[in-house]
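Coordinate inspection notes
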Number of protein chains: 2
Amino acid sequence: MQFVAVERADQAEIAAYRHIRERDLAGRHGLFVAEGKVVLSVLLRARVFSAQSLLVVENRLPGLMPLLEETKPACPVYVASQAVMDEIAGFHVHRGILGIGCKTARPGVADFLAGLPEEALLVVLCGITNHDNIGAIFRNAAAFAADGVLLDETCCDPLYRKSIRVSVGAALKVPYTQDGPVLSLLDALESHDFSVMALSPSAPLDIYHQPRPKKLALLLGTEGEGLPEPVLKRLQTLRIPIAADFDSLNVATAAAIALSHFTRLEH
Amino acid sequence: MQFVAVERADQAEIAAYRHIRERDLAGRHGLFVAEGKVVLSVLLRARVFSAQSLLVVENRLPGLMPLLEETKPACPVYVASQAVMDEIAGFHVHRGILGIGCKTARPGVADFLAGLPEEALLVVLCGITNHDNIGAIFRNAAAFAADGVLLDETCCDPLYRKSIRVSVGAALKVPYTQDGPVLSLLDALESHDFSVMALSPSAPLDIYHQPRPKKLALLLGTEGEGLPEPVLKRLQTLRIPIAADFDSLNVATAAAIALSHFTRLEH
């Protein structure tokens, strides 16, 4: 393995880590930031992503060595003092462990769907632009063994720094792709024999009285606006029963409840 | 109603709003901050809390008038420009609506439990110190019509600014009390005929194979450490089935799944 001591925050090698809070690496450079040991261990074990480099505070290195020896990353491992790390990143990195990953080209929707098993559970997202919610939805998709996540073009990037962190690495683990408007996604899902069920607070049927189809796609929209009318009209809608006088569930929470109910995990 | 124009950020009347991000009003002054129209409407309708004052950006007042006319708050309504509001609060208050509420004395645990119906669903929290999680748990408790929340002494205050905001006002709506160590709470729950079930990822039984007792208390601990060993030993434990290779659920998400399953809301 290739360990490189970093003495100064302005060294050229660690430019990708500079002021990472203010920049959207994912959008601009085809890169993303992995923070902390748990997320880094997902990155180093990921099949479709690879690490470009790691940046570790020196006193964190001993605790990280078993992971590095197991996964043998080919990339440089930069090692710095906490002060230099904080100066590079532009904030106090209390976890002391960062990595830069490389994005890969996402498959087209048809290829993505064709690669799924005969019995499959998908999460489909329309217009989710909150990074925390995207991250939490990926975490829940992983927890309930969903086979993938499909995002329409109006959702934000799941590889944004905060989404990856909130997902506890699941954004690097759960297969996903993002492409086109939601109505095209519905066409593709239907032509691949998916039953698409839209979660909507005003739906007449609830999830608990609905049998699980073999290929199920659960569609979720934003908390405020909900799913667009043409989408709701076209699909079967389902609600999660909640108190009549209460507004709504968080979208990631709604996803978790529906996934927990519909997953084929041993109950 | 008593409207008061505020021209300068240093006026004495609005001292409670000064730099509200940096201060924990709840802990230090017996007050709390309500942000935004939705939370404010819960506060103005609350039975156990009252508003000490409101601070509204002038262009938000027309939209707020129906609520004010309906609830007729006795407190002063301070009205300021956006610039003065932002200077007072110490950040850009994009919702343009703030309120200061007064905490009330919480009932003792025995009184709290004695006041619950014959058939009741409670959430009991041990060691939850993350304000977002506390807020999200209250939101879910309200959504699934739980009868109350019981917090041990090591949990953080649900009336912290961020908790109230994340709860979408549910922290001002769902009855709760906070008192003493978790083992005392268990004693009190048992002497009031509650079946206490602890959610734990390593439990042998899962929630979906468990009938709902009439009086059910769901106990949740922190995501990292989980519940203390003496607590787990004493109680029936239940898990939510998740993928074997995945770490854990967010604690508020786990609460939502269990509440959705055990609630008596029409399914």
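Structure shown above.
Small disclaimer: the values here were computed from a predicted structure and weren't measured. (Residues numbered from 1 in each chain as written. Chains lettered and ligands numbered in written order. Predicted model: local features only at pLDDT ≥ 70, side-chain atom pairs only at ≥ 80, totals over all residues. Heavy atoms only, no water.)

**Focus on the overall build of chain A**
Basically, it comes down to this: Put simply, DSSP H or I for four residues or longer makes a helix, DSSP E for two residues or longer makes a strand, and each gets a number counted from the N terminus. For a compact globule the rule gives 2.2 Å times the number of residues to the power 0.38, and the radius of gyration it is set against comes from C-alpha atoms. Each residue gets one of three labels from its accessible area relative to the maximum for its type: buried under 20%, exposed over 50%, partly exposed in between, using a 1.4 Å probe on protein chains only. Note that accessible areas follow from Shrake-Rupley with a 1.4 Å probe, and for residues the cover is restricted to the protein chains shown. As used throughout, the charge tally considers Lys and Arg to be positive and Asp and Glu to be negative, leaving His and the chain termini uncounted. Lysine's charge is taken at NZ, arginine's at CZ, aspartate's at CG and glutamate's at CD.
From N to C terminus, chain A includes 10 helices and 12 strands. Here the C-alpha atoms of chain A give a radius of gyration of 20 Å, agreeing with the 18 Å that 2.2 N^0.38 yields for 267 residues. Its C-alpha atoms put chain A at 60 × 40 × 35 Å along the principal axes. A buried classification covers 57% of the 267 residues belonging to chain A. By element, 51% of the accessible surface of chain A is carried by carbon and sulfur atoms, the whole surface being about 11100 Å². Across chain A, the mean location of the 25 positive side-chain charges is 4 Å away from that of the 30 negative side-chain charges.

**A few points about the relation of the copies chain A and chain B**
Selection criterion: In superposing the copies, a least-squares fit is computed on C-alpha atoms, taking residues whose pLDDT is at least 70 in both. Whether two residues touch is decided by their heavy atoms; if any such pair falls within 4.5 Å, the residues are in contact.
In screw terms, the move from chain A to chain B is a rotation of 180° and a rise of 0.0 Å along the axis, fitting with an RMSD of 0.0 Å. Within this description, the copies of the chain are treated as partners about a two-fold rotation axis. A shared interface surface links the copies, since 100% of the contact residues of chain A are contact residues in chain B too.

**Digging into the interface of chain A and chain B**
How we decide: Summed over both partners, the accessible area lost on bringing two parts together, with a 1.4 Å probe, is the buried area. In the sections that follow, a salt bridge refers to a side-chain nitrogen of Lys or Arg positioned within 4 Å of a carboxyl oxygen of Asp or Glu. As used in this structure description, the phrase polar contact means that two N or O atoms lie within 3.5 Å; if the pair is within protein, one of them must be able to donate a hydrogen and the other to accept it, and residues adjacent in sequence are counted only when both atoms belong to side chains.
Residue-level contacts link 30 residues of chain A with 30 residues of chain B. Interface of chain A and chain B: buried area, both sides summed, is about 2400 Å²; carbon and sulfur atoms make up 61% of it. Between the two partners, chain A and chain B, sit 4 salt bridges. The closest approach of N and O atoms between arginine 139 of chain B and glutamate 223 of chain A, which form a salt bridge, is 3.0 Å. At the boundary of chain A with chain B, the tally comes to 12 residue pairs in polar contact (both at pLDDT 80 or more). For the side of chain A that touches chain B, the secondary-structure elements that each account for two or more residues are helix 6 (131–143) and helix 10 (251–262) of chain A.

In short, geometric facts, not functional conclusions.
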